[in-house]
Amino acid sequence: MSFLTTPLQALRRDEIPGRYDRWLFAAALALALFGVVMVASSSIAIAESEGGSPYHYLIKHLIFLAMGAVLGIGFALLPLAWMERHARLFLLLALLLLVAVFLPGVGVRVNGAKRWLRLGISNFQAVEAVKLFVIIWLASYLVRFRGEVQHAFKGTMKPLLVAGAVVLLLLKQPDFGSASLILAIVLGMIWLGGARARDLFGLAAATMPVMAWAALSESYRVKRLTSFLDPWKDPFNDGFQLTQALIAIGRGGWFGVGLGGSIQKLFYLPEAHTDFILAVIAEELGLFGVCLVVGLFALLCGRLFVLGRRAEERGLGFAAYVAYGIAVWLSVQATVSIGVNLGLLPTKGLTLPLISSGGSSLLMTCAAIGVALRISYELTRHDAVSAVTPDPGVRDDR
């Protein structure tokens, strides 16, 4: 007899099944499928110009999406208790990955930055795994030291020191965008963990001068800031990428010029299939397409925050903080990517999760979705167990 016909009371506690969140899965699947369509549309001209198959980037994207699906399924089947027990190992692995990019023969330098690891058939950007690993470790820390985090400055300071080490390694690569994102994730999780506002404001005040110095210490970062403020001042040099993105967005209007009809992707807009894929979406599908993307991300991240809140209400601290961390990660990264394309934020080099072409980002985002689905599974199983387990404080005289 299957679980569908067996009464829950007839099952042992560890045999009671849970359910994966359908809305979370549907939002992630819709974004991934939409990404396949847009990578195909935005990358053909670029692939042809490189002398290869016009479907080179599409095929590569599909391969990484399939690998990401397998990785996501693996994490969806992995018990949260195992992740929590090995949280320190995840942190150690994150630091080792960031150090490994500097090792000769292991790290790969691309466009002057050492952010990738050589994995034979492809390179892997270490920071994409670091995001998830730091979230898992910090969720465990917030459970173990919740009292210190909520009532003592040192409880808030400890994870910031770890985040500081990660940020320094990222700035050494250099990768200012990912460093800022990691810092935002850590601060967001600590705040959701109940840290006092005065402690957070104090840490933010101490951190901002360091990040400002890092932003202004390299000439190319300064150029990004100045070109962002007025891209039309130098539209054929420093402001070229942003002005082309804005032209694409302007051409799209309400409903776009039609799928595949973008002109800006034809060698005018750099990184059309990666960092600036939203500009192509806006040109081909118009404001409607942009609102569709924003709506799907709102659904995805909203479900993550709901799962985190439900887990917290039931005393499942680790599950709650992991859900919060993934929600902060994806919402901040998506917001920054969209803001960059719209000219609202300086260029950061962050992809649009699940949509942009990028193997490492796609792999680890799928893994994060798998972890989130595992949270929903264990949360519903917890509710089912609670429903069939008698309250020890209630007497049963039957």
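Residues numbered from 1 in each chain as written. Predicted model: local features only at pLDDT ≥ 70, side-chain atom pairs only at ≥ 80, totals over all residues. Heavy atoms only, no water.

Here we look at helix 2 (residues 56-76)
And then number 1: Here helix 2 spans 30 Å end to end across 21 residues, near enough to the 30 Å set by a 1.5 Å rise per residue.
And then number 2: Among all positions of helix 2, only Y57, L58, H61, F64, L65, G68, G72, F75 and A76 are buried. Down the axis of helix 2, the smallest arc covering the buried residues is 125°, so these residues share one side. Within helix 2, the exposed residues directed more than 90 degrees away from the buried face are V70 and I73.
And then number 3: Each element contacted by the buried residues of helix 2 is listed here: helix 1 (22-49), helix 3 (80-85), helix 5 (126-144) and helix 14 (359-388). (Helix = DSSP H or I, 4+ residues; strand = E, 2+ residues; numbered from the N terminus. Expected span 1.5 Å × (residues − 1). Buried < 20%, exposed > 50% of the residue type's maximum accessible area, 1.4 Å probe, protein only. Arc of directions from axis to C-beta. Contact = heavy atoms within 4.5 Å.)

Points about the environment of P231
And then number 1: With respect to the helices and strands, P231 occurs in the loop between helix 10 (219-229) and helix 11 (240-252).
And then number 2: In this structure the C-alpha to C-alpha distance between P231 and G343, which are 112 residues apart in sequence, comes to 8.8 Å.
And then number 3: Setting aside residues no more than four positions away along its own chain, P231 makes contact with G239, L242, T243 and L246.

A word on the pattern of salt bridges
Two side chains carrying opposite charge are able to pair once their charged atoms lie near each other.
And then number 1: Within this structure, the stated rule accounts for 12 salt bridges.
And then number 2: Linking K158 and E148 is a salt bridge whose minimum nitrogen-to-oxygen distance equals 3.5 Å. Here the residue K158 occupies a position in helix 7 (residues 153-172), and E148 occupies one in helix 6 (residues 146-151), the gap between them amounting to 10 residues.
And then number 3: By relative accessible area, which is 24% here, E148 ends up partly exposed.
And then number 4: One network of salt bridges, with partners in common, ties together R146, R309, R310, E312, E313, R314 and D383. (Salt bridge = Lys/Arg side-chain N within 4 Å of Asp/Glu carboxyl O.)

With respect to the packing of aromatic side chains
And then number 1: Scanning the model with the defined rule gives eight aromatic pairs in all.
And then number 2: Ring geometry for W137 versus Y141: centroids 5.6 Å apart, planes at 35°, classification tilted. Here W137 pairs with Y141, and both are found in helix 5, just four residues apart, close to one helical turn.
And then number 3: Look at Y141 and you get buried, because its relative accessible area is 4%. (Phe/Tyr/Trp six-rings, centres within 6.5 Å; stacked < 30°, edge-to-face > 60°.)

Some details on the sheet that holds strand 3 (residues 123-125)
And then number 1: The strand order 1-2-3 describes an open sheet built from three strands, whose pairing is antiparallel. Looking at which strands have only one partner, the edges of the open sheet turn out to be strand 1 (107-110) and strand 3. Pairs of neighbouring strands in the sheet enclose a mean axial angle of 50°, with direction left out of account.
And then number 2: As paired strands, strand 1 and strand 2 (residues 113-118) are joined by four bridges and run antiparallel to one another. Within the sheet, the bridge partner assigned to R109 lies in strand 2 and is K114. (Pairing = 2+ DSSP bridges. Axes fitted to C-alpha atoms, helices over the stretch in contact; angles between N-to-C directions.)

Regarding the pairing of strand 2
Looking along a regular strand, one sees side chains alternate from face to face of the sheet.
And then number 1: Extensive coverage of strand 2 is indicated by the burial of five of its six residues.
And then number 2: With three bridges joining them, strand 2 and strand 3 adopt antiparallel strand pairing. Opposite R118, over in strand 3, you have N123 as the bridge partner.
And then number 3: Counting the residues between successive antiparallel strands, the hairpin from strand 2 to strand 3 contains four residues, one of them, G120, with a positive phi of roughly 80°.

Examining the packing of helix 5 against helix 14
And then number 1: At their nearest, the axes of helix 5 and helix 14 sit 8 Å apart, and the two run at 15° to each other. One element, helix 5, and the other, helix 14, form an angle in the roughly parallel class. For the pair helix 5 and helix 14, the sense of crossing is right-handed. Across from E128, A129 and L132 in helix 5, the residues of helix 14 making contact are S360, S361, M364, A367, A368 and V371.
And then number 2: Considering only residue class, the contact of helix 5 with helix 14 consists of six nonpolar, two polar and one charged. (Parallel < 35°, antiparallel > 145°, perpendicular 65-115°, else oblique. Left-handed = near helix turned anticlockwise from the far one by under 90°. Nonpolar A, V, L, I, M, F, W, Y, C, P; charged D, E, K, R; others polar.)

Here we look at the side chain of K131
And then number 1: Residue position: K131 is located in helix 5.
And then number 2: Given a relative accessible area of 1%, K131 falls into the buried group.
And then number 3: A distance of 3.0 Å separates polar atoms of two side chains, one belonging to K131 and the other to Q333. (Polar contact = N/O pair within 3.5 Å; in protein donor to acceptor, adjacent residues only side chain to side chain.)

Notes on the packing of helix 8 (residues 176-192) against helix 13 (residues 317-341)
And then number 1: Packing of helix 8 against helix 13 leaves a shortest axis separation of 9 Å and a crossing angle of 140°. When the interaxial angle is binned, helix 8 and helix 13 end up oblique. For the crossing formed where helix 8 meets helix 13, the hand is right-handed. In contact with L181, A184, I185, M189 and L192 of helix 8, helix 13 contributes Y321, Y324, G325, V328, W329, V332 and Q333.

Digging into the confidence of the model for the protein chain
And then number 1: Averaged over every residue, the pLDDT of the protein chain is 86; the share at 70 or more is 89%.
And then number 2: Ignoring residues within four places in sequence, the model shows residues 1-6, a span with pLDDT below 50, making five contacts including any to other chains. (pLDDT = per-residue confidence, 0-100.)

Things to note about the nonpolar core
And then number 1: The biggest cluster of nonpolar side chains holds 112 residues, and the ones touching the most others in it are L132, L300, I326, L352 and I355.
And then number 2: If you tally residues by element for this core, the top one is helix 13, at 16 residues.
And then number 3: Excluding anything up to four places from it in sequence, L132 contacts F75, I326, W329, M364, A367, A368 and V371. (Core = buried A, V, L, I, M, F, W, Y, C linked by side-chain atoms within 4.5 Å.)

Description of a nonpolar patch on the surface
And then number 1: Together, W254, F255, L287, F288 and L292 make up an exposed nonpolar region whose accessible area comes to about 610 Å².
And then number 2: When you line up the elements, L287 lands in helix 12 (residues 277-313).
And then number 3: L287 sits in the partly exposed class, given a relative accessible area of 39%. (Patch = residues over 30% accessible without salt bridge, like charges linked within 9 Å, V, L, I, M, F, W, Y side chains within 5 Å. Areas by Shrake-Rupley, 256 points an atom, 1.4 Å probe, with all protein chains shown as cover.)

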